[in-house]
Amino acid sequence: MFLNDQETATDLLYYEAIAKTVVKLIRNTPDAPVTIGVHGDWGAGKSSVLKMLEGAFAKDERVLCLWFNGWTFEGFEDAKTVVIETIVDELRRARPTSTKVADAAKRVLKRVDWLKLARKAGGFAFTAATGIPSFDQAKGFYNLAASFLDKPQEQISVEDLKIVAEKAGEFIKGTPEDSDNLPEHIHAFREEFKQLLDAADIDQLVIIVDDLDRCLPNTAISTLEAIRLFLFVERTAFVIGADELMIEYAVREHFPDLPPSSGPVSYARNYLEKLIQVPFRIPALGVAETRIYVTLLLVENALGSTDERFVRLLAAAREDMKRPWKSRGLVRRTVEVAMQGAMPPEVDQALVISAHVTGILSEGTRGNPRQIKRFLNSMMLRHGIAEERGFGGDIQRPVLAKIMLAERFYPDFYEQIARLAANHPDGKPDSVRRFEEHVRAPPSPDGDEDKPAGKETRKAGRKAPTPLPTEAAEWDKNEWAKGWAAIDPPLSGVDLRPYVFVTRDKRSSLGGLVAASHLEGLVDKLMGPPLMVRGAAIEIANLTGPEPEEVFEAIRGRILQDDNFRAKPKGVDGLVRLVEAHQTLQRRLLEFIRELPQNKVGSWAASSWGVCFSDRGIAAEFQTVLAGWAGQTENPVLQTAAQGIAKLQRG
């Protein structure tokens, strides 16, 4: 029932081809150091590619593959030295019986201890690039620390200084006297690291760095600098999985004084390109790939990854994905061949769901596998809840998927559907039915459906089309909503109340109740007469976080449920006061005004909003609504009021 959100053990997206390409690149450059970037948005599948890469080297004794998760070391004071220590420790564990490795590792770690000493010696002029002082600076710190041992200060721990002095002394005794400049120190470090690789008796060291884009900027930059300045030596390959945009952000945060750009490419991008020689970005899934992925996820969930039928289907999907530009997704015939017999009901339903949700899901998630998987997980979880509650038979997954698409990608549209379903005695709102029929209706064979309906264009005997309900007319102006209405299954005749119940995340979806009980008293006040609304000013001002939105939704739900709009409904004055105090609600107020049934509202709808719309863009949209009211003829009262408001504004 649950689709694991971790890196997958089953390659459903044919990312093995990407991993094999990276492996080939590393093997073809055994001597030269190389840094490869596997880029992609969060959830694009970077970790899965890196796991496949690690598996490809698992049986090769001449290649040592180490996994480094940058996020694990978040919060360490000096991520740069932690990176180096971790890699050295992993090398030592890989060759536990080798004295050569142990000795070489000890020399490298002594160098790392010196780096730590450099950071502890505050007040020295460390270099901005590496944090390393010169040899004379470290030696001076050693002498200073040693002198304090005779006459310790109260604020200085003798034991701490003794340890620091001993470590500094050990390093200085083993360092050539002429090593007094930064380049020589870096060169010495690299030579010692190469000696460690020689002692390990390997042809290549492959270090996989994952989750770097989850780190804070300082950790991300320290990790990259450790790779480039110290560990970028012969026979090493680094494969870094990260969203390049997040790394660019880290560069800008870490180096705030960088100028904005250098020619056509920003300095942040130049920095990234200097560190990563071979970038590769995992492409987003297209429509056909999304359909294949959804089908495979659901079929694997139903049959199991080891079932022979699923294995055959996966092989057919991989063959299809070799040329995705020619793919139409996993069509029914392909699935039937893989099943080699009767089609299991779960597999048949997987085909139906994938066909229904692919288009909008692909666009809405931008082809992100993790977002697709989370949508499917949420759908299956909600269906499971319905079954446990005893109304699972009232829920069909294709219908649930369609409702969830609206909930996920167009919340305001979903809220309108939820309200209409809750207010209809059978849960079958006419507006939804009429809207779907309108969108799905074939175009006029004469091609004159958009022409004026005058005598010269209207054929004899043809009736004028019935106007859409107010809500449906507004939806018809939105391309997303029309695309949603066009996908199967149609919702005509479907009781939507069970679907709204199981998908609702706010109590307002089925009745406008406020989510937090301590706000119910305020909602009651704002639903009262003007004097009571004015008396709630302090409570309104003290609302924080999501509270203003919760109160707004509760009042909005109560107003719309009454379905009596000739006189100003109770709660309108409360909404106005709420929006004046919390101007982030302006967009929600405009959407509420658009929800009002044009043929039922009185003159108050044109004149009740005062100075609510301080945002110029939203104010302009409200003027468009007023102009529409002034131009319509089905509600003369509203028309006159809107025209009067327009004249006042012009005057």
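Here the structure is a predicted model, which means the values were calculated and not measured.

What counts, and where the lines are drawn
- Residues numbered from 1 in each chain as written.
- Predicted model: local features only at pLDDT ≥ 70, side-chain atom pairs only at ≥ 80, totals over all residues.
- Heavy atoms only, no water.
- Buried < 20%, exposed > 50% of the residue type's maximum accessible area, 1.4 Å probe, protein only.
- Helix = DSSP H or I, 4+ residues; strand = E, 2+ residues; numbered from the N terminus.
- Pairing = 2+ DSSP bridges.
- Axes fitted to C-alpha atoms, helices over the stretch in contact; angles between N-to-C directions.
- Parallel < 35°, antiparallel > 145°, perpendicular 65-115°, else oblique.
- Left-handed = near helix turned anticlockwise from the far one by under 90°.
- Contact = heavy atoms within 4.5 Å.
- Nonpolar A, V, L, I, M, F, W, Y, C, P; charged D, E, K, R; others polar.
- Salt bridge = Lys/Arg side-chain N within 4 Å of Asp/Glu carboxyl O.
- pLDDT = per-residue confidence, 0-100.

Caption draft 1: Representation of the pairing of strand 2 (residues 63-69) in the model. For strand 2, a buried count of six out of seven residues is recorded, marking the element as mostly surrounded by other parts of the structure. For strand 2 and strand 3 (residues 204-210), the ladder comprises seven bridges, and the chain directions are parallel. Looking at the pairing, cysteine 65 lines up with valine 206 of strand 3.

Caption draft 2: Region of interest: the environment of lysine 106. With respect to the helices and strands, lysine 106 occurs in helix 4 (residues 99-120). Judged by relative accessible area, lysine 106 falls into the exposed class, the value being 58%. Taking C-alpha positions, lysine 106 is 9.9 Å from glutamate 192, a pair spaced 86 residues apart along the chain.

Caption draft 3: View of the packing of helix 15 (residues 369-389) against helix 16 (residues 397-409). Between helix 15 and helix 16, the shortest axis-to-axis distance is 10 Å and the interhelical angle comes to 125 degrees. Taken as axis vectors, helix 15 and helix 16 run oblique relative to one another. The way helix 15 lies across helix 16 gives a crossing that is right-handed. Residues Gln371, Phe375, Ser378, Met379, Met380, Arg382 and His383 of helix 15 lie in contact with helix 16, whose contacting residues are Arg397, Leu400, Ala401, Met404, Leu405, Glu407 and Arg408. Its residues assigned to classes, the contact of helix 15 with helix 16 shows seven nonpolar, three polar and four charged.

Caption draft 4: Focus on the pattern of salt bridges. A complete count under the given rule lists 39 salt bridges for this structure. The partner of lysine 20 in a salt bridge is glutamate 16, and the shortest N-O contact between them spans 3.1 Å. Placement of the pair is lysine 20 and glutamate 16 together in helix 1 (residues 16-27), with a separation of four residues, close to one helical turn. Since its relative accessible area comes to 51%, lysine 20 is described here as exposed. Where arginine 587 meets glutamate 621, a salt bridge forms, and the shortest distance between an N and an O atom there is 2.7 Å.

Caption draft 5: A look at the environment of alanine 220. Relative to the helices and strands, alanine 220 resides in helix 8 (residues 217-231). Under the relative-accessibility criterion, alanine 220 is labelled buried at 1%.

Caption draft 6: Representation of the confidence of the model for the protein chain in the model. With 79% of its residues at a pLDDT of 70 or more, the protein chain shows a mean pLDDT of 79. Low pLDDT (under 50) marks residues 121-138, which in the prediction has 40 contacts with non-local residues, meaning those over four places away or in another chain. Across residues 171-180, where pLDDT falls below 50, the model places 19 contacts with residues more than four positions away in sequence or in other chains.

Caption draft 7: Inspection of the pairing of strand 1 (residues 34-39) at higher detail. Counting buried positions over the six residues of strand 1 gives six, a clear majority of the element. Burial along strand 1 is two-sided: the residues Val34, Ile36 and Val38 and Thr35, Gly37 and His39 are all buried. When strand 1 meets strand 4 (residues 236-242), the two strands line up parallel, connected through six bridges. Bridge assignment links glycine 37 to a residue of strand 4, and that residue is isoleucine 240. Alignment of strand 1 against strand 5 (residues 278-281), held across four bridges, turns out to be parallel. Of the residues in strand 5, the one forming a bridge with glycine 37 is proline 279.

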